[in-house]
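Summary of the model geometry
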Amino acid sequence: MPKAQETLLEIDLKALEHNVTYLKSRLQPATKFMAVVKSYAYGNAAVDIAKHLETQHADYFAVAYTYEGEQLRTSGITKPILVLHPQAISFNILIEHCLEPNLYSLKVLKEFVATAENLNQKNYPVHLKFNTGLNRLGFSEADIPEILSLLKNTEAIKVTSLFSHMGASEDLNEKEFTVKQIKTFKHVTHLLLKQLPYTPMLHMCNTSGILNYPGAHFDMVRSGIGMYGFGNSEKENSHFKPITTLKTVISQIHQIPIGDSVGYNRGHISNAPLTTATLPLGHADGIGREYGNGKGFVAINGQKAPIVGNTCMDMIMVDITTIDCNEGDEVIVFGDYPTAEEFAATANTISYELLTGLSQRIKRIVLK
Ligand SMILES: *Cc1c(COP(=O)(O)O)cnc(C)c1O
């Protein structure tokens, strides 16, 4: 790869392949794999990633919103796509593109049945989500009689899967909570399965669920962050390869005399001779203000260069006093070192937020 001459996000499909292969090695052969590609595949490049996974690895895709699924369909993705958080206003578009909704409340179920009947659908595939403790989206056990009666009275929809979502699968201190979620899921799905004339698939594991709860894989698992290179623990991270490298370049170098300041609002005042490099990325690119003032750091020639002063909209300044480098040199914001997880931690956040928050104005380069 030639050295970066501007801010670039490199996405390594070989690393993606490695991660998916590893995740699948943790499954029973019959367990289906749903590739979660919501939010531009966690900031990467959803279409390229979905195209790469569609041929062999993914049985299913998941996105959050209807327009994300629409984008995959118009790019030629044909495998089933679950829309995790569809809004009733887009149900027509969802059906037009053969996207499959998560229906999570009686209100949403009724609204979807009405739309599907209106469009003369028969056995349209839908997924019913149960709340088992996350308290975010999902039916409760008390909804089951009404769900069954609604299903009995329409031919427009057919339930492809029953699912739930774990709230703390990465946190082994919360094992008791997760085990209770699994038990609740088994209980509610049992109540439905014994009444339905057919057998929907069951699924509840995200990446950390796959890794930590092999007994809860059911018929399918849903992975996002693992595919992108993070196992949510030091032990598991060693099995994954980050697929994303954010690179940039040194625009200009400044020598800062003692007493001078750097950046807006004089965020840093120099009390020792300081050399800074100005880089072309800032909070508009997803590197928030929390990273400023010495918290976040980038790597130049493998050496740590802390951010000096406040993060600007389109620039950051970093301390290169002890680093031998020149204007035009490449800078690694995150990748192998620091990793996105390490970089995110400097601002008290997580890889998920850092990756999905990267602005679409950053050029994506997909390495095949
Ligand atoms: C985002 C999401 C996932 C993927 O979670 P990871 O921790 O990234 O693997 C799975 N299921 C649901 C319902 C989600 O919203």
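Residues numbered from 1 in each chain as written. Predicted model: local features only at pLDDT ≥ 70, side-chain atom pairs only at ≥ 80, totals over all residues. Heavy atoms only, no water.

Examining the overall build of the protein chain
Helix and strand counts for the protein chain come out as twelve helices and 19 strands. Along the first, second and third principal axes, the C-alpha atoms of the protein chain reach 80 × 40 × 40 Å. Sorting the 368 residues of the protein chain into buried and exposed places 53% on the buried side. Taken as a whole, the protein chain presents about 16700 Å² of accessible surface, with 50% of it coming from carbon and sulfur. (Helix = DSSP H or I, 4+ residues; strand = E, 2+ residues; numbered from the N terminus. Buried < 20%, exposed > 50% of the residue type's maximum accessible area, 1.4 Å probe, protein only. Areas by Shrake-Rupley, 256 points an atom, 1.4 Å probe, with all protein chains shown as cover.)

A look at the packing of aromatic side chains
Counted under the stated rule, the structure contains ten aromatic pairs. Between Tyr-291 and Phe-343 the ring centres are 4.6 Å apart and the planes differ by 15°, which places this aromatic pair in the stacked class. One end of the pair, Tyr-291, is in the loop between strand S14 (274–279) and strand S15 (297–300); the other, Phe-343, is in helix H11 (residues 340–346), with 52 residues separating them in the sequence. Phe-343 shares its class with Tyr-291; the two are buried. With 5.9 Å between their ring centres and 45° between their planes, Phe-297 and Tyr-337 make a pair best called tilted. Here Tyr-337 lies in the loop between strand S18 (330–334) and H11 and Phe-297 lies in strand S15, a separation of 40 residues in the sequence. Counting every residue linked through ring pairs, the aromatic cluster contains Tyr-42, Tyr-228 and Tyr-352. When the ring centre of Tyr-198 is taken as reference, the NZ or CZ atom of Lys-158 above it lies at 4.8 Å. The ring of Phe-297 is capped by Lys-304, whose NZ or CZ atom sits 4.5 Å from the centre of that ring. (Phe/Tyr/Trp six-rings, centres within 6.5 Å; stacked < 30°, edge-to-face > 60°. Lys NZ or Arg CZ within 6 Å of the ring centre and 35° of its normal.)

Section: the nonpolar core
Core analysis: the largest hydrophobic core is formed by 109 residues, its most contacted members being Ile-49, Phe-112, Ile-157, Met-227, Val-298, Ile-300 and Val-318. Both domains that meet at this core, namely domain 1 (31–228) and domain 2 (244–367), each give it at least three residues. Those residues in contact with Met-227 that sit more than four places away from it in its chain are Leu-16, Asn-19, Val-20, Leu-23, Phe-33, Ala-35, Val-36, Val-37, Leu-53 and Ile-243. Counting residues in hydrophobic clusters, the runner-up holds six residues, among them Ile-256, Val-262, Val-308 and Met-317. (Core = buried A, V, L, I, M, F, W, Y, C linked by side-chain atoms within 4.5 Å. Domains from an automatic or database assignment. Contact = heavy atoms within 4.5 Å.)

Details of the UniProt feature "domain: Alanine racemase C-terminal" (unreviewed entry) in the protein chain
Sites flagged by UniProt as "domain: Alanine racemase C-terminal" (unreviewed entry) map to residues 243–367. Structurally, residues 243–367 is divided into 10% helix and 36% strand, and its ends, taken at the C-alpha atoms, are 10 Å apart. (UniProt positions renumbered as here; feature names shortened; annotations may be inferred.)

Quick notes on the site of the ligand
Around the ligand, the structure places 14 residues, and the nearest of them are Lys-38, Tyr-42, Thr-207, Ile-225 and Tyr-352. Here an oxygen atom of the ligand and a side-chain polar atom of Tyr-42 are 2.5 Å apart. Between an oxygen atom of the ligand and a side-chain N or O atom of Asn-206, the distance comes to 3.3 Å. In isolation the ligand exposes 390 Å². Once the protein is present, 93% of that is buried. Looking at the shell around the ligand, the elements that each hand over two or more residues are helix H2 (38–43) and strand S9 (220–223). Partitioned by chemical class, the residues of the shell around the ligand number five nonpolar, five polar and four charged. (Near = heavy atom within 4 Å. Polar contact = N/O pair within 3.5 Å; in protein donor to acceptor, adjacent residues only side chain to side chain. Nonpolar A, V, L, I, M, F, W, Y, C, P; charged D, E, K, R; others polar.)

Structural notes on helix H4 (residues 66–74)
Among the residues of H4, Thr-66, Glu-68, Gly-69, Leu-72 and Arg-73 are the ones counted as buried. Along the axis of H4, the buried residues cluster in a sector spanning 160°; they form a single face. Packed against the buried residues of H4 are H2, helix H3 (46–54), strand S3 (60–63), strand S4 (81–83) and helix H5 (91–96). Looking at the residues trailing H4, positive phi occurs at Gly-76, about 100°. (Arc of directions from axis to C-beta.)

A word on the domain arrangement of the protein chain
Under the domain assignment, the protein chain is made up of domain 1 (31–228) and domain 2 (244–367). Distance between the C-alpha centres of domain 1 and domain 2: 38 Å. Each partner contributes to the interface: domain 1 provides eight residues, whereas domain 2 provides eight residues. When the area that domain 1 buries against domain 2 is broken down by residue, the three leading residues are Tyr-42, Asn-44 and Ile-225, summing to 50%. Applying the counting criterion to the domain 1 and domain 2 interface returns three residue pairs in polar contact (both at pLDDT 80 or more). Considering every element that reaches the side of domain 1 that touches domain 2, the biggest residue donor is H2, with four residues. The residue makeup of the side of domain 1 that touches domain 2, split by class, is four nonpolar, three polar and one charged. (Buried area = accessible area lost by both parts, 1.4 Å probe.)

Quick word on the environment of Leu-148
Among the secondary structure elements, Leu-148 is positioned in helix H7 (residues 144–152). C-alpha separation for the pair Leu-148 and Asp-59, spaced 89 residues apart in sequence, amounts to 27 Å. Beyond its immediate sequence surroundings of up to four residues, Leu-148 is in contact with Leu-192, Gln-195 and Leu-196.

Comments concerning the UniProt feature "modified residue: N6-(pyridoxal phosphate)lysine" (unreviewed entry) in the protein chain
Taking the numbering used here, the UniProt-annotated feature "modified residue: N6-(pyridoxal phosphate)lysine" (unreviewed entry) corresponds to Lys-38. As for its placement among the helices and strands, Lys-38 is situated in helix H2.

Re the pattern of salt bridges
Summed over all chains, the structure comprises nine salt bridges. Notably, a salt bridge pairs Lys-110 with Glu-146, separated by 3.1 Å at the nearest N-O pair. One end of the pair, Lys-110, is in helix H6 (residues 106–118); the other, Glu-146, is in helix H7, with 36 residues separating them in the sequence. Taking relative accessible area as the criterion, Glu-146 reaches 34% and is therefore assigned partly exposed. Where Arg-361 meets Asp-285, a salt bridge forms, and the shortest distance between an N and an O atom there is 2.7 Å. Of this pair, Arg-361 sits in the loop between helix H12 (351–356) and strand S19 (363–367) while Asp-285 is found in the loop between S14 and S15, placing the two residues 76 residues apart along the sequence. A relative accessible area of 4% places Asp-285 in the buried class. (Salt bridge = Lys/Arg side-chain N within 4 Å of Asp/Glu carboxyl O.)

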